[in-house]
Amino acid sequence: MKTEIAIVGGGLCGLALSGMAERRDTDYHLFEARPLLGGRILTRSTADNPSPTTNYDLGPAWFWPDQPRLRELT
């Protein structure tokens, strides 16, 4: 069987592309090196906070200098 689209990486972009392929009923294969999908989108919870548990998003740890909109936000 032939795959029409190969998506490399299961981060935000790869997941969005696979969702688009699903909605269009297009054959695709998603390749991800890690056991979890989501890339830099990763939620963790506090281990030492008894109740309520606080969840936090690790998010991207860096951005490139040529991204003026992100620079303005930071």
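Residues numbered from 1 in each chain as written. Predicted model: local features only at pLDDT ≥ 70, side-chain atom pairs only at ≥ 80, totals over all residues. Heavy atoms only, no water.

Chemist: Help me out: how do you make sense of the environment of Leu 17 in this one?
Modeler: By the secondary structure assignment, Leu 17 is in helix 1 (residues 12-23). For the pair Leu 17 and Tyr 28, spaced 11 residues apart in the sequence, the C-alpha separation amounts to 9.5 Å. (Helix = DSSP H or I, 4+ residues; strand = E, 2+ residues; numbered from the N terminus.)

Chemist: Quick question: what am I supposed to make of the side chain of Ser 18 here?
Modeler: Turning to its location among the elements, Ser 18 is positioned in helix 1. Note on Ser 18: relative accessible area 9%, which makes it buried. Residues within four places of Ser 18 in sequence aside, it is in contact with Ile 7 and Tyr 28. (Buried < 20%, exposed > 50% of the residue type's maximum accessible area, 1.4 Å probe, protein only. Contact = heavy atoms within 4.5 Å.)

Chemist: Looking at this model, I keep getting lost on unusual backbone geometry. Mind explaining?
Modeler: Where the residue is not glycine, phi is negative for most of them; where a peptide bond is considered, it is trans in most cases. In the Ramachandran plot, Asp 25 falls in the positive-phi region, its phi being about 55 degrees despite a non-glycine side chain. Note on Asp 25: relative accessible area 73%, which makes it exposed.

Chemist: Help me understand the environment of Leu 30 in this model?
Modeler: Looking at where Leu 30 falls in the secondary structure, it is placed in strand 2 (residues 28-31). In this view, Leu 30 contacts Ile 7, Gly 9, Gly 10, Gly 14, Leu 15 and Leu 37; residues no more than four positions away in its chain are not counted.

Chemist: Would you explain helix 1 in this entry?
Modeler: Since one α-helical turn is 3.6 residues long, residues separated by three or four positions face the same way. For helix 1, spanning 12 residues, the distance from its first C-alpha to its last is 17 Å, which sits close to the expected 16 Å at 1.5 Å a residue. Of all the residues in helix 1, the buried ones are Gly 14, Ser 18, Gly 19 and Ala 21. Angularly, the buried residues of helix 1 cover 160 degrees about the axis, an arc narrow enough to put them on a single face. Exposed residues on helix 1 whose side chains face more than 90 degrees from its buried face are Leu 12, Cys 13 and Arg 23. Check the buried side of helix 1 and you find it contacts strand 1 (5-8) and strand 2. (Expected span 1.5 Å × (residues − 1). Arc of directions from axis to C-beta.)

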